[in-house]
Amino acid sequence: VEELPEDGNILERQGLEDDFSNDRFKIWSDYLSLSPEIGLLGLSPGNYMPYIQENFPNLFIVEYVRENFPGKFESGTIYHVHNGYLMVLVSTGFLGLGLLLAYLVLATLQVGRYIFRTRSLSKSFVFSLAIVLAGGISALFDKGLFFMNNTPTLLFWMAAGIVMVQSADSLPAKYSEGA
């Protein structure tokens, strides 16, 4: 059982004086240092942790879990990436990240064209776009958007589908009619 702070302020985080990123900069740096190992195809969504644990035992992402959570370490767990886009890189390599980025650029262009060409956006489009933007931003700080089956991920991808279908009106006729 965790004790309350002496001053009673349970909302103030302790231990962030030296690193306001909550160790994310160290985590991201460790994963990025593995770029040569990640290569074109990545380390796999389900097997990257044991691989890194076995082959790179001196990285912060391994040492921290070994020292603070020995039970998790014994089961093959290390610090996860804390970034959905970096998770795509680690899991699927530069090819997977490149494909994701290409999709994001094309989708952004399509949605942007739709927004600027449409006089009045529907409430469902605006609401869905807000969910997509919130999910895309949250993926910068956690891995939950990709390779997971949970309610936020379901809502994100459903909203993304609504946004893409409604914004398909901005495509030239030869693309939107399936010709």
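To start, this report covers the structure provided alongside it. Source: prediction; values computed, not measured. (Residues numbered from 1 in each chain as written. Predicted model: local features only at pLDDT ≥ 70, side-chain atom pairs only at ≥ 80, totals over all residues. Heavy atoms only, no water.)

**Some details on the overall build of the protein chain**
The helix and strand inventory of the protein chain stands at 9 helices and 0 strands. Start at the N end of the protein chain and walk to the C end: the helices and strands fall as α-α-α-α-α-α-α-α-α. By residue count, 33% of the 179 residues in the protein chain fall in the buried class. A separation threshold of at least 6 residues defines the contact pool for the protein chain, and within that pool the share at least 24 residues apart is 68%. Counting only carbon and sulfur atoms, one obtains 62% of the accessible surface of the protein chain, whose full area is about 11,700 Å². (Helix = DSSP H or I, 4+ residues; strand = E, 2+ residues; numbered from the N terminus. Buried < 20%, exposed > 50% of the residue type's maximum accessible area, 1.4 Å probe, protein only. Contact = heavy atoms within 4.5 Å. Areas by Shrake-Rupley, 256 points an atom, 1.4 Å probe, with all protein chains shown as cover.)

**Observations regarding the packing of aromatic side chains**
What the rule picks out here adds up to 10 aromatic pairs. By way of ring pairs, the aromatic residues Phe60, Tyr64, Phe69 and Tyr79 are connected into one cluster. Sitting above the plane of the phenylalanine 60 ring, lysine 26 keeps its charged end 5.1 Å from the centroid. The residue whose ring lies beneath lysine 72 is phenylalanine 69, and the NZ or CZ to ring-centre distance is 5.4 Å. (Phe/Tyr/Trp six-rings, centres within 6.5 Å; stacked < 30°, edge-to-face > 60°. Lys NZ or Arg CZ within 6 Å of the ring centre and 35° of its normal.)

**Side note on the side chain of glutamine 53**
Among the secondary structure elements, glutamine 53 is positioned in helix α3 (residues 48–55). For glutamine 53, a relative accessible area of 16% puts it in the buried group. Those residues in contact with glutamine 53 that lie beyond four places of it in its chain are Val62, Phe73, Gly76, Thr77 and Ile78.

**A few points about the pattern of salt bridges**
All told, the structure shown has 1 salt bridge when counted by the stated rule. With a shortest N-O distance of 3.5 Å, lysine 26 and aspartate 23 are connected by a salt bridge. Its relative accessible area of 42% is what places lysine 26 among the partly exposed residues. With a relative accessible area of 15%, aspartate 23 lands in the buried category. (Salt bridge = Lys/Arg side-chain N within 4 Å of Asp/Glu carboxyl O.)

**Brief notes about the environment of glycine 98**
Among the secondary structure elements, glycine 98 is positioned in helix α6 (residues 84–117). Residue glycine 98 is classed as partly exposed on the basis of its relative accessible area, which comes to 34%. Sequence-wise, glycine 98 and leucine 40 are 58 residues apart; in three dimensions their C-alpha atoms are separated by 9.8 Å.

**A word on the side chain of arginine 24**
Looking at where arginine 24 falls in the secondary structure, it is placed in helix α1 (residues 24–33). Of the side chains with opposite charge, aspartate 142 lies nearest to the buried arginine 24, which makes no salt bridge, at 5.3 Å. Within the structure, the side chain of arginine 24 is placed 2.8 Å from the backbone oxygen of phenylalanine 141, a separation counted as a polar contact. Those residues within four positions of arginine 24 in sequence are excluded, and the remaining contacts are His82 and Phe141. (Lys, Arg positive; Asp, Glu negative; His and termini not counted. Polar contact = N/O pair within 3.5 Å; in protein donor to acceptor, adjacent residues only side chain to side chain.)

**Details of the packing of α6 against helix α7 (residues 123–138)**
The contact between α6 and α7 brings their axes to 13 Å, and the two run at 150 degrees. When the interaxial angle is binned, α6 and α7 end up roughly antiparallel. Seen along the crossing, α6 lies across α7 with a hand that is left-handed. The segment α6 lies against α7, with Tyr85, Val111, Tyr114 and Ile115 engaging Phe125, Leu129 and Gly136. A class-by-class count of the residues in the contact of α6 with α7 yields 6 nonpolar, 1 polar and no charged. (Axes fitted to C-alpha atoms, helices over the stretch in contact; angles between N-to-C directions. Parallel < 35°, antiparallel > 145°, perpendicular 65-115°, else oblique. Left-handed = near helix turned anticlockwise from the far one by under 90°. Nonpolar A, V, L, I, M, F, W, Y, C, P; charged D, E, K, R; others polar.)

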